[in-house]
Amino acid sequence: MGKRILMKGNEVIAEAALRAGCRHFFGYPITPQTEISHYMARKMEEIGGVFLQAESEVAAINMVYGAASAGVRVMTSSSSPGISLKQEGISYSACAELPMVIVDIVRCGPGLGGILPAQCDYFQVVKGGGHGDYNLIVLAPASVQELYELTVEAFNLADRYRNPVVILGDGYLGQMMEAVEFRDEEPIEKGNKDWATTGHGGKRIHNVTTSIYIDPNVLEAHNRKLQEKYKKVKENETRAEVVNCDGADVIVVAYGTVARVVKNVIKDAEKLGIKVGLIRPITLWPFPTEVFDKYAGVPKGFLTVEMSSGQMVEDVRLALNGRNRVEFHGRMGGNVPTQKDILDIVRQMADKQ
Amino acid sequence: MAIVFKKPNALTDKPFHYCPGCTHGIIHRLVAEVIDELDIEGETVGVSPVGCTYNNYEYFSCDMVQAAHGRAPAVATGLKRALPDKVVFTYQGDGDLAAIGTAEIVHAATRGEKITTIFVNNAIYGMTSGQMAPTSLIGQVTTTSPFGRKPQLHGYPVKVSEMLATLEGAVYIERVSVDSIKNIIKAKKAIKKAFQVQLEGLGFSMVEVLSTCPTNWGMSPAKSLDWLRDNMAEHYPLGVYKGKDLEV
């Protein structure tokens, strides 16, 4: 490992992508993720990679579709309204099984909303957003160090499963400066790219990248193949951080920035004699359902905290399937749930029964 | 016995699904003949559009990528930037290129992407059953302009070649037609030149091909060719709009 340096979250995402071997980036400006583009524009020109500022998010994701078809490691980044525009291309890419990394540094909505951090893209990223039966692998970092490690990992996962992978961060993670320690060498997996459309060179029959299957049986078979793949991803790649959950009175469920606030609540609650646990999903899809099986019987129940009106909480309820109470606390519009508010709810929950 | 005429190597054995009298088949053949003559099939990646030719990846024997509606120039941009030494072309209709994909074609051209676009203009949406296209002529009856296209209701037919010719990144733009033997030969020359422009890395090239749609025009194939000559070629004059003196 090298020495620890201070870097901005967005720049770390860009640096991590370069370290992972990404030499193609297509984007469109939108706050609060623009530093990714700035970093890429400078570095790609220095190292002979491709940085292209597209005419729209729609065009950018389709450029990613083209570059991914050619078998190169490729990334785009955007923020909520821009991700809405990319959904068409994301659905096509999922169907065509193209590896790519998409960064969503979430801002508050709906509509143009605001530019402050939020977690209100959970539905549109974790639950599809585009049309059709598909899943994206969704990674939710909670620190700048994790932005680095999960971005590198995202490229490996994308290649391993031939699937788009999303880094779902929020404006705080993108904008904050924090210490990060880079590895001397990245664990880059070399995926098999025999399927890529690179020109057959007279050595094979032509490769085709497509997302259209007019014959109903062929399309259903393709869908079943995708579902089989998703099953494998669920089995192999589900990740969560579990803190203080054994013997906890209340378990708080939170991801990303909010999970950091909850870690402080754990300390505050301890002083009051309440043991608070934290389940922090690192993969939002696949959702770490099995962790909830283990702790379903926590005496005072679960509290989900989000910077949204309550989106991930639906997956928490599905995971528990009525086995325990699930409370929710959320803030919107760019506001963050405070340590004090979360602690107050935890106290009420602990006192109630 | 000497073979004097055969299917180009750049076409697969799959029979075309196009309607009788449709000129897509001719245009596919011209593109394939050019790929053969330039001996670039192994280095070429084509991009299929949405429309009647959505599945021409089954007909061209080079590597092919199917794109979302109108997005072929963006997909081709990604491909070409990843494969700068390969040949990348898009094959798009007028609904795909001149309506939903206007932004993508304009910006690919103005960036001077080193790709080639074959733009087939038949003044109608074929695959979705004959709706008005941006290129439909004034007075043209379609399923969504049942009383004829009226400027005050529907605006005017867009002249894509003239528009793109104003962009610096576009180096070669020509409009051709496949209504006669003479014009088919000219069309092939234009397509070949467009690919040569790309091979020499000069910038964006496009050939607009005036084409027929007997099914949705509601005419016989022979009458369709007359209608193309008498009406379409009037509004969309044939000729080189950019790169007249370009030597390749």
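Refer to the structure above for everything that follows.
Residues numbered from 1 in each chain as written. Chains lettered and ligands numbered in written order. Predicted model: local features only at pLDDT ≥ 70, side-chain atom pairs only at ≥ 80, totals over all residues.

A. Molecular detail of the interface of chain A and chain B. Contacts between the two partners involve 32 residues from chain A, matched on the other side by 28 residues from chain B. Every element with two or more residues in the side of chain A that touches chain B is listed here: β2 (24-27), β3 (50-53), α3 (57-69), α4 (80-95) and β9 (208-209) of chain A. Top element by residues in the side of chain A that touches chain B is α3 of chain A. It accounts for 8 residues. As paired elements, β9 of chain A and strand β2 (residues 63-66) of chain B share 2 bridges and run parallel to each other. Looking at β2 of chain B, one finds that V208 of chain A is bridged to M64 of chain B. (Contact = placed C-beta atoms within 7 Å. Helix = DSSP H or I, 4+ residues; strand = E, 2+ residues; numbered from the N terminus. Pairing = 2+ DSSP bridges.)

B. Representation of the sheet that holds strand β7 (residues 164-170) of chain A. Residues and elements named next belong to chain A. Strand order in the open sheet formed by 7 strands is β3-β2-β4-β5-β7-β6-β13, and the pairing between neighbours is mixed. At either margin of the open sheet sits one strand with a lone partner, and together these are β3 and β13 (283-285). Taken over all neighbouring pairs, the strand axes of this sheet differ in orientation by 20 degrees on average, direction set aside. Here strand β4 (residues 74-78) pairs with strand β5 (residues 100-106) via 4 bridges, running parallel. (Axes fitted to C-alpha atoms, helices over the stretch in contact; angles between N-to-C directions.)

C. Highlighting the nonpolar core. All names here are of chain A. One finds V101, V138, L139 and V252 to be the most contacted residues of the largest nonpolar core, which totals 188 residues. No fewer than three residues from each of domain 1 (4-237) and domain 2 (241-352) sit in this core. If near-sequence neighbours (up to four positions away) are discounted, V252 is found in contact with V262, V265, V276, L278, L303, V305 and I342. (Core = buried A, V, L, I, M, F, W, Y, C linked by C-beta atoms within 7 Å. Buried ≥ 20, exposed ≤ 12 C-beta atoms within 10 Å, placed from the backbone. Domains from an automatic or database assignment.)

D. How the structure looks around the sheet that holds strand β7 (residues 239-242) of chain B. The strand order across the open sheet formed by 8 strands is β9(A)-β2(B)-β1(B)-β3(B)-β4(B)-β6(B)-β5(B)-β7(B), and the pairing between neighbours is mixed. With partners counted over all chains shown, the strands left at the sheet margins are β9 of chain A together with β7 of chain B, one partner each. When strand β3 (residues 87-93) of chain B meets strand β4 (residues 116-121) of chain B, the two strands line up parallel, connected through 5 bridges. Residue G93 of chain B lies in a different strand from β4 of chain B, and its bridge partner there is V120 of chain B. The sheet strands contacting helix α7 (residues 181-199) of chain B are β3, β4, β5 (170-177) and β6 (204-210) of chain B, and the helix crosses β5 of chain B at an angle near 165 degrees.

E. Looking closely at α3 of chain A. Residue and element names in this part refer to chain A. If you check α3, its first and last C-alpha atoms are 18 Å apart, about what 13 residues at 1.5 Å a residue would give, namely 18 Å. Of all 13 residues that make up α3, 13 are buried, and the element is covered over most of its length. Of the residues one or two after α3, G71 is the one with positive phi, at around 90 degrees. (Expected span 1.5 Å × (residues − 1).)

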